[in-house]
Amino acid sequence: DKWYWRVDCPVCNESGISQPQHLQRGCRPCKCGNYKQKFSYIHGVFDGNELIAIKFGITRAKDLRIKYQSRKTIYEVRSLGVWEYNDKFSCVAAERICCSSLICGILTKEEFGDGYTETTYPYNIERIVKIYEDYGGIKIE
């Protein structure tokens, strides 16, 4: 499991959560920080025409994420939707709920090198969308 710290920024007075290694690199989880994920996505993982898995996650660069994932998999990756949030905290919270409430990691690291731990069964699409929207995500793509 990953550990997170809650941090109160004395500069912008915003609170946020971050992993210790990000804090050690100087990445702040607030308006001052440079690591601001505001987008959740759902990517379909296809073997030919068959949808075999869903990859969900968060990113700050919605257009680049799918390109990186496509490079490290034996399957075809297609975007099924992108949601935008008003703040990073809501975005991160939605991902955490998805990770804790769904069966994840259905693909191996060899099959899906970038983010295999956030792969789940296709029947979870509606649950993921509901979680994203419950946390304030607005579908933009």
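What you see is a predicted model; the values in this text were computed from it and never measured. What you see as residue numbers is a count from 1 along each chain, following the sequence as written. Selection of residues for local features in this predicted model requires a pLDDT of at least 70, selection of side-chain atom pairs for listing and counting requires 80 or more, and totals for whole chains, interfaces and linings are taken over all residues. Side-chain descriptors were evaluated using all non-hydrogen atoms of the structure, hydrogens and water having been removed beforehand.

Comments concerning the overall build of the protein chain
Phase 1 of the analysis: A helix here means a DSSP run of H or I that spans at least four residues, while a strand means a run of E at least two residues long, and both kinds are numbered starting from the N terminus. Secondary structure summary: the protein chain contains four helices and seven strands in total.
Phase 2 of the analysis: Across the protein chain, helices and strands are ordered from the amino to the carboxyl terminus as β-β-α-β-β-α-β-α-β-α-β.
Phase 3 of the analysis: Its C-alpha atoms give the protein chain a radius of gyration of 15 Å, near enough to 14 Å, the size a compact globule of 141 residues would have.
Phase 4 of the analysis: Structurally, the protein chain occupies a C-alpha span of about 50 × 30 × 25 Å along its principal axes.
Phase 5 of the analysis: Only protein chains enter the accessibility calculation, which uses a 1.4 Å probe; a residue whose area is less than 20% of its type maximum is buried, one above 50% is exposed, and one in between is partly exposed. The buried share of the protein chain, reckoned over its 141 residues, is 41%.
Phase 6 of the analysis: Per-residue and other accessible areas were derived by the Shrake-Rupley procedure at a 1.4 Å probe size, with only the shown protein chains allowed to occlude residues. Here the protein chain has roughly 8300 Å² of accessible surface; of this, 50% comes from carbon and sulfur atoms.
Phase 7 of the analysis: Note that His is not counted, nor are the chain ends; the positive residues are Lys and Arg, and the negative ones are Asp and Glu. In this description, the location of a charge corresponds to atom NZ of lysine, CZ of arginine, CG of aspartate or CD of glutamate. Between the averaged position of the 21 positive side-chain charges in the protein chain and that of its 18 negative side-chain charges there is a distance of 7 Å. Radius of gyration means the value over C-alpha atoms here, while the globule rule gives 2.2 Å times the residue count to the 0.38 power.

Quick word on the environment of Gly48
Phase 1 of the analysis: Counting through the fold element by element, Gly48 comes out in the loop between strand S3 (39-47) and strand S4 (50-59).
Phase 2 of the analysis: Under the relative-accessibility criterion, Gly48 is labelled partly exposed at 46%.
Phase 3 of the analysis: Note: C-alpha distance between Gly48 and Tyr75 (27 residues apart in sequence) is 8.0 Å.
Phase 4 of the analysis: Ignoring anything within four residues of it in the chain, the contact list for Gly48 reads Glu76 and Arg78. Residue contacts are counted whenever heavy atoms from the two residues lie within 4.5 Å of one another.

Digging into helix H2 (residues 62-71)
Phase 1 of the analysis: Here H2 has its buried residues at Arg65, Ile66 and Gln69. All buried residues of H2 lie within an arc of 90° about the axis, which places them on one face of the element.
Phase 2 of the analysis: In the core, the buried residues of H2 are packed alongside S3, S4 and strand S5 (76-84). The arc in question is the one spanned by the directions pointing from the helix axis to the C-beta atoms.

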